[in-house]
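A closer look at the structure
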Amino acid sequence: YAASQFEVLPKPFLTGPAPISPANNDRVTERKPTLRARNSDRNSAVGALIYTFQIGRDQAFTQIVSAGTAVEGAGETSWTSVGDLDYNFTHFWRARSTDGETTSDWGATQAFRSPLAPAPAPSPGGGGGGGGNAGSCASRDGNFIVNCIMQKYPDRLAAGVSSGQRRANMEFLRDRVIEAGRCGGLDLAWNLKRGGPEISVDFLVERSGGHLQGRDIAFDYDNTGIQLVLYWGTGEFPFYGGYPHSFSCQ
């Protein structure tokens, strides 16, 4: 007997679902938001699909705060978070699909903000003049700081600006984050990119107990086609550059 090989069905083809909402750092109104994704494209080799949704506190999804599955809907599939999200926080979400044998890639990641929390009372403090006024966002919680700064300066988050304006906006927000952290008791500073002298635009350094921790603070900041999104992440190779500007914590 001679051996031969053939396929009854074509090779499975399955794309990742495309996010619909929330997107572009929109603020949702519920602490249990509903996520909507356009259904995956597939061929006849793929069967009935189940969709998996994840919500994370960082774009790498190392801190997943809510996850679940949903049966495919007509044209799009939705899923509602099973737990309350933190107030006033930037979250990231994604989805993928599977028929149990073939699993798609994750769809594009989107960012959104949870509902606002009650505004904090201004923190007391001192400082020189001429810089920003960071008192209303002062905190030792980096997540709170970046979300407070976004709420305070929404005009600096605009999409569709020039690359030069986006860089200027990012540098402005970076400095406000540093000032708010310093007013709250954190030792935040500029990062010397590759050891200097250039200053990183979307990366900070936090010093604590003599240890340096890099802090990523922006999601794809140089993509001017989307609204600027701040977050509190971690990064490698920090070089403490200090912070020479004067500012007020009142």
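**Considering the overall build of the protein chain**
Scanning the protein chain from N- to C-terminus turns up two helices and 13 strands. For the protein chain, the spread of C-alpha atoms along the principal axes amounts to about 85 × 40 × 40 Å. Within the protein chain, the proportion of its 250 residues that are buried is 43%. If you take every contact in the protein chain between residues at least 6 apart in sequence, the share linking residues at least 24 apart comes to 64%. Taken as a whole, the protein chain presents about 12,400 Å² of accessible surface, with 49% of it coming from carbon and sulfur. Treating the 23 positive side-chain charges of the protein chain as one cloud and the 25 negative ones as another, the clouds have centres 5 Å apart.

**Some thoughts on the pairing of strand 3 (residues 34–38)**
Burial along strand 3 is one-sided: Leu35 and Ala37 are buried, and none of Thr34, Arg36 and Arg38, which face the opposite way, are. When strand 1 (residues 18–21) meets strand 3, the two strands line up antiparallel, connected through three bridges. Note on strand 3: the bridge partner recorded for Ala18 is Arg38. The sheet contact formed by strand 3 and strand 6 (residues 76–80) spans five bridges and is antiparallel. Across the sheet, residue Arg36 finds its bridge partner in strand 6, namely Ser78.

**Regarding a nonpolar patch on the surface**
On the surface, Phe6, Val8 and Leu9 cluster together into a nonpolar patch covering about 400 Å² of accessible area. Examined against the element boundaries, Leu9 turns out to sit in the segment before strand 1.

**A few points about the sheet that holds strand 5 (residues 64–71)**
Strands sit in the order 2-8-7-4-5 across an open sheet of five strands; the sheet is mixed. Each edge of the sheet is formed by a strand with only one pairing partner; in this case those strands are strand 2 (26–27) and strand 5. Bridge count between strand 7 (residues 90–98) and strand 8 (residues 110–113): four bridges; the pairing is antiparallel. By the bridge assignment for strand 8, His91 is matched with Phe112.

**Description of the confidence of the model for the protein chain**
Detailed reading of the predicted model is not advised wherever pLDDT is low. For the protein chain, the average pLDDT comes to 88, and 92% of its residues sit at 70 or higher. Considering only residues more than four positions removed or in separate chains, one finds that residues 118–131, a stretch of pLDDT under 50, has 20 contacts.

**Side note on the environment of Gly195**
Inspection of the secondary structure puts Gly195 in the loop between strand 9 (187–192) and strand 10 (199–208). The class for Gly195 is partly exposed, based on a relative accessible area of 37%. Separated by 39 residues in sequence, Gly195 and Arg156 place their C-alpha atoms 28 Å apart.

**Structural notes on the packing of aromatic side chains**
Counted by the stated rule, this structure contains seven aromatic pairs. Through successive ring pairs, a cluster of aromatic residues spans Phe53, Trp79 and Trp93. For Arg176, the ring lying beneath its charged end belongs to Phe172, and the centroid distance is 4.5 Å.

**With respect to the state of the cysteines**
One pass over the structure, following the stated rule, counts two disulfides. Bridging Cys137 to Cys148, the disulfide has an S-S length of 2.1 Å. Between Cys137 and Cys148 the sulfur-sulfur dihedral comes to about -75°; the bridge is accordingly left-handed. One end of the pair, Cys137, is in the loop between strand 8 and helix 1 (142–152); the other, Cys148, is in helix 1, and 11 residues separate them in sequence. Each member of the pair, Cys137 together with Cys148, is buried. There is a disulfide in this structure between Cys183 and Cys249, and the S-S distance comes to 1.8 Å.

**A few points about unusual backbone geometry**
Cis geometry is adopted by the peptide bond preceding Pro22, which originates at Ser21 and carries an omega value of -5°. Considering the arrangement of structural elements, one finds Pro22 in the loop between strand 1 and strand 2. The phi dihedral of Arg194 falls on the positive side, at around 55°, and the residue is not glycine. Position of Arg194 among the secondary structure elements: in the loop between strand 9 and strand 10. One non-glycine residue, Phe237, adopts positive backbone phi at about 60°. Its location among the elements puts Phe237 in the segment after strand 13 (229–230).

What counts and what doesn't
Along each chain, numbering runs from 1 in the same order as the chain's sequence is written. Restriction of local features to residues with pLDDT of at least 70 applies here, the model being predicted, together with a cutoff of 80 or more for giving and counting side-chain atom pairs; totals for whole chains, interfaces and linings are based on all residues. Hydrogens and waters are ignored; side-chain quantities use all the structure's heavy atoms. We count a stretch as a helix when DSSP gives it H or I for four or more residues in a row; a strand needs E for two or more, and each element gets its number in order from the N terminus. Any residue under 20% of the maximum accessible area for its type is buried, any over 50% is exposed, and the rest in between are partly exposed; the area is computed with a 1.4 Å probe on protein chains only. Contacts were defined at the residue level, with two residues in contact if any of their heavy atoms lie within 4.5 Å. Per-residue and other accessible areas follow the Shrake-Rupley method at a 1.4 Å probe size, with only the shown protein chains counted as cover for residues. In this tally, Asp and Glu contribute negative charge and Lys and Arg positive charge; neither His nor the terminal groups of the chain are included. Where a charge lies is defined by one atom per residue type, namely NZ (Lys), CZ (Arg), CG (Asp) and CD (Glu). By this definition, two strands are paired if DSSP reports at least two bridges between them. Grouping into patches uses exposed residues only, defined as over 30% relative accessible area, and leaves out salt-bridged ones; the cut-off is 9 Å for like charges and 5 Å for nonpolar side chains (Val, Leu, Ile, Met, Phe, Trp, Tyr). For this analysis, a salt bridge means a side-chain nitrogen from Lys or Arg found within 4 Å of a carboxyl oxygen belonging to Asp or Glu. pLDDT: the predictor's confidence for each residue, scored from 0 to 100. Between rings of Phe, Tyr and Trp, where Trp is taken as its six-membered ring, a pair exists when centres lie within 6.5 Å; planes separated by under 30 degrees are stacked, by over 60 edge-to-face, and by other angles tilted. In this scheme, the term charge over a ring applies when either NZ of a lysine or CZ of an arginine sits within 6 Å of the ring centre and within 35 degrees of the ring normal. A pair of cysteine sulfur atoms is labelled a disulfide when the two atoms are within 2.5 Å.

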